[in-house]
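Take a look at the letters that make up each chain.
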Amino acid sequence: MRVGVLTGGGDCPGLNAVIRAIVRKGERVFGDEIIGFVDAWEGVMERRTLPLTVETMRGTLPRGGTVLGTKRGSPLDTPDGVDRVRETISDMGIDGLIVIGGNGSLTVGEILFREHGIPILGVPKTIDNDIEGTDLTFGFNTAVQIATDAIDRLHTTAESHDRVMVVEVMGRHSGWIATHAGLAGGAAVVLIPERPFDIAEVCERLTRRHARGRFASIVVVAEGATPAEGTLAVPDQTHDEYGHVRLGGIGSIVAAEIGVRTGFETRPVLLGHVQRGGTPTAFDRVLSTRFGVAALDAARRAEWGSMVALRNNVIKAVPLSDAAGQTRTVDLDLVTDVAEIFFA
Ligand code: F6P
């Protein structure tokens, strides 16, 4: 069999571990040929490839990023994009494409499969953990660990100076990283996109906490968190070249407002892409490896139009349509029943 592989969207710790596992199972167990496409869909349309072998993938398990490179954008953005993908697949004798991607790439993959009959198999990737159909995505555990390590460090400087540290973490549409890192790092307040926040209430909570003798606090803000309507003015959003809203900045706004309203000294900390870089945790290496092996198996069973997923700790293939066009938001029970017991 000849299987194509691409990594799409933002990079994520564990991508190389998935590719390595696909290659290992394909080459060693079945004698398959695995072709990597460079720079996501661009590489498929332009036939830019990288031969992937057990030998070339050696040493990549702990490496962050992706050996294939990644880009946003898709064949659906170009008039002849779908035809070019189809031609590449047929001219190169490729049986199907494994797309390792987030919401955007999986949605594109589902359309290419359903509307254009292109054999696609998805592997869910994102540090945001916001893909429907799977209990977890790889990269999330690593991002939470990085954010938690940062919060641990911020506690000591916050305590030394009696400051409120406002830490902005990634999480475009969902507050998974913020909630988990906030819980793990002992934050006083966590603000997530799922629940628009009232800055007056945040300040009251911090003031009550300080009145109880705690003069330092950690506030975790997901980048996609928004104020409840009419409670706090935020600047108009800008967009990147693919039309995505450019996030990053709500933490500074929240920090400044807390400072003005409470008189507490505040500092904003933007963790940004640090959360996506570097080596995956052991947990993510194992999850990525399980996903990669399962993806190759599903490809051999010609389960095109599906995505490998973790459900109740079992890896299985589920329809790509379970994930396409959806966002998996935080289980609010985790926030109300557990997290809020520990917040200010
Ligand atoms: O989707 C993953 C993610 O890391 C989001 O949390 C974040 O908003 C976005 O990617 C950042 O994208 P870029 O790398 O294009 O700035």
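Everything below is about the structure printed above this text.
Criteria and cut-off values
Residues numbered from 1 in each chain as written. Predicted model: local features only at pLDDT ≥ 70, side-chain atom pairs only at ≥ 80, totals over all residues. Heavy atoms only, no water. Near = heavy atom within 4 Å. Polar contact = N/O pair within 3.5 Å; in protein donor to acceptor, adjacent residues only side chain to side chain. Areas by Shrake-Rupley, 256 points an atom, 1.4 Å probe, with all protein chains shown as cover. 1 Å grid on protein atoms, 1.4 Å probe; cavity = no way out; pocket = protein on both sides within 12 Å on 5 of 7 lines; lining within 4 Å. Sits in = over half its atoms within 2 Å of the grid points. Nonpolar A, V, L, I, M, F, W, Y, C, P; charged D, E, K, R; others polar. Pairing = 2+ DSSP bridges. Helix = DSSP H or I, 4+ residues; strand = E, 2+ residues; numbered from the N terminus. Axes fitted to C-alpha atoms, helices over the stretch in contact; angles between N-to-C directions. Contact = heavy atoms within 4.5 Å.

> Got a sec to walk through the site of the ligand? Specific residues and values, please.
Residues in contact with the ligand, as listed here, are Arg72, Ile127, Asp128, Met170, Gly171, Arg172, Glu223, His273 and Arg276. At 2.6 Å, a side-chain N or O of glutamate 223 approaches an oxygen atom of the ligand. Protein coverage of the free-state accessible area of the ligand, which is 400 Å², stands at 75%. When atom positions are compared with the pocket grids, the ligand is found to occupy the largest pocket. For the shell around the ligand, the per-class residue count stands at two nonpolar, two polar and five charged.

> Describe the sheet that holds strand β11 (residues 265-270), naming the residues involved and giving the relevant values.
The four strands lie next to each other as β7-β8-β6-β11, forming an open sheet whose pairing is parallel. Both outer strands of the open sheet, β7 (189-191) and β11, are each paired with one neighbouring strand and no more. Each adjacent strand pair in this sheet contributes to an overall mean axis angle of 15°, direction not counted. Here strand β6 (residues 163-169) pairs with strand β8 (residues 217-222) via six bridges, running parallel. Bridging across to β8, methionine 165 finds its partner in isoleucine 218. Across the face of the sheet, helix α5 (residues 140-161) comes into contact with β6, β8 and β11 while running at roughly 165° to β6. Here helix α8 (residues 250-262) sits on the sheet and contacts β6, β7, β8 and β11; the angle it forms with β11, its principal contact strand, is near 175°.

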